[in-house]
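What follows is the residue order along each chain.
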Protein chains: 2
Amino acid sequence: MQRRQAEQVAAARVRATGERVTPARLRVLAALLRRGEAASHHELERDLAADAIDRVTLYRVLDWLVGQGLAHRISSADRAWRFTAADRRHDAHAHFHCNRCGKVLCLDEVKTPRLPAAMPRGFRAEGLEVTVKGICAGCA
Amino acid sequence: MQRRQAEQVAAARVRATGERVTPARLRVLAALLRRGEAASHHELERDLAADAIDRVTLYRVLDWLVGQGLAHRISSADRAWRFTAADRRHDAHAHFHCNRCGKVLCLDEVKTPRLPAAMPRGFRAEGLEVTVKGICAGCA
DNA sequence: GGTGCAGATGCAACCCTGTTGCGCTTGCAG
DNA sequence: CTGCAAGCGCAACAGGGTTGCATCTGCACC
């Protein structure tokens, strides 16, 4: 997404929550929108390098965005959360994790199966995460 | 698995690698075999409490076991690796992650789909991880 | 049954991701 | 304009995992 468009969309979405509209929220959401792929905290920090916002604030803003449904948190294998703007329904597709560079992105083509009907007695399924691991185009 | 049996199986498998047979390797693999479910580093440390082995050694032994194909590393959402003895083919079933207590176990009933045939150009799939999240029987 | 040494272990110190506590600042309702 | 709850920045901390290095030990060879 282009810079201008990302900023406008971000502003609209943050405003729509009815919560406070702060620069940090706007800038973080805009940064997420500009990136097509899932961004780690560290990558976002770099994206926001110009007039950086505090590490902790970034974590809190990301938490807030996830809480508001404006972003999704993906747990990747390298022990770092990754985040995407909530552009599309995130239950319905798989993620790709590159074993070499650690990059995570969405595989829209790969549909995930629905929640398993048959769970062991006493277990309740709430969500499903499908991750394909391999080597991405950049690393191949 | 019973203690005696676990020790015997562990000894046989470690010997079969042709690499060095050390007490740490035997004890860690036996501990994994005794547990039915995936164990975190911390849980294993507790299991081995009697005459504990060093934190770092435990990490290294686990790495070695994974490298030898004697154990599998599962990345759970709480940013901690979990490990299982490689009893069965681990590609073929899903894992369950409890959102409340963080426990991870194998869902043998839930078959995972085969690797997606259609990947974006330049991407190579090497493995597939399917995780069902929810509340386990103990926490319900 | 020795013995040498590559490889395994233990210890201390470190890194990285993420969190908490707390005083200062600010968006926004009135 | 103003007050104040909510958000922000800083510092300090916590947990999981890794690295460097000196010491120890399985085991291949004698």
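Everything that follows concerns the structure shown earlier in this document.
Quick look at the structure, then. Remember, it's a predicted structure, so these values are computed and weren't measured experimentally.

1. Focus on the pattern of salt bridges
Scanning all chains against the criterion turns up eleven salt bridges over all chains. With a closest N to O distance of 3.9 Å, Arg35 of chain A and Glu43 of chain A form a salt bridge. The pair formed by Arg35 of chain A and Glu43 of chain A is uniform in burial state, with each residue classed as buried. Notably, a salt bridge pairs Glu7 of chain B with Arg3 of chain B, separated by 3.5 Å at the nearest N-O pair. Separated by four residues within a single helix, Glu7 of chain B and Arg3 of chain B lie in helix 1 (residues 3-16), roughly one turn from each other. In this structure, a network of salt bridges that share partners links the residues Arg35, Glu37, Glu43, Asp47 and Arg82 of chain A.

2. Focus on the protein's contact with DNA strand D
The environment of DNA strand D is made up of 22 residues, and the closest members are Thr22, Arg25, Thr57 and Arg60 of chain A together with Trp81 of chain B. Of all DNA strand D atoms lying within 4 Å of any protein atom, the proportion belonging to sugar or phosphate reaches 55%. In the environment of DNA strand D, a phosphate oxygen lies 2.6 Å from a nitrogen or oxygen atom belonging to the side chain of Thr22 of chain A. Arg20 of chain B has a polar side-chain atom sitting 3.3 Å from a base oxygen of DNA strand D. Here the surface near DNA strand D is built from residues that sort into eight nonpolar, three polar and eleven charged.

Scoring rules and cut-offs
- Residues numbered from 1 in each chain as written.
- Chains lettered and ligands numbered in written order.
- Predicted model: local features only at pLDDT ≥ 70, side-chain atom pairs only at ≥ 80, totals over all residues.
- Heavy atoms only, no water.
- Salt bridge = Lys/Arg side-chain N within 4 Å of Asp/Glu carboxyl O.
- Buried < 20%, exposed > 50% of the residue type's maximum accessible area, 1.4 Å probe, protein only.
- Helix = DSSP H or I, 4+ residues; strand = E, 2+ residues; numbered from the N terminus.
- Near = heavy atom within 4 Å.
- Polar contact = N/O pair within 3.5 Å; in protein donor to acceptor, adjacent residues only side chain to side chain.
- Nonpolar A, V, L, I, M, F, W, Y, C, P; charged D, E, K, R; others polar.

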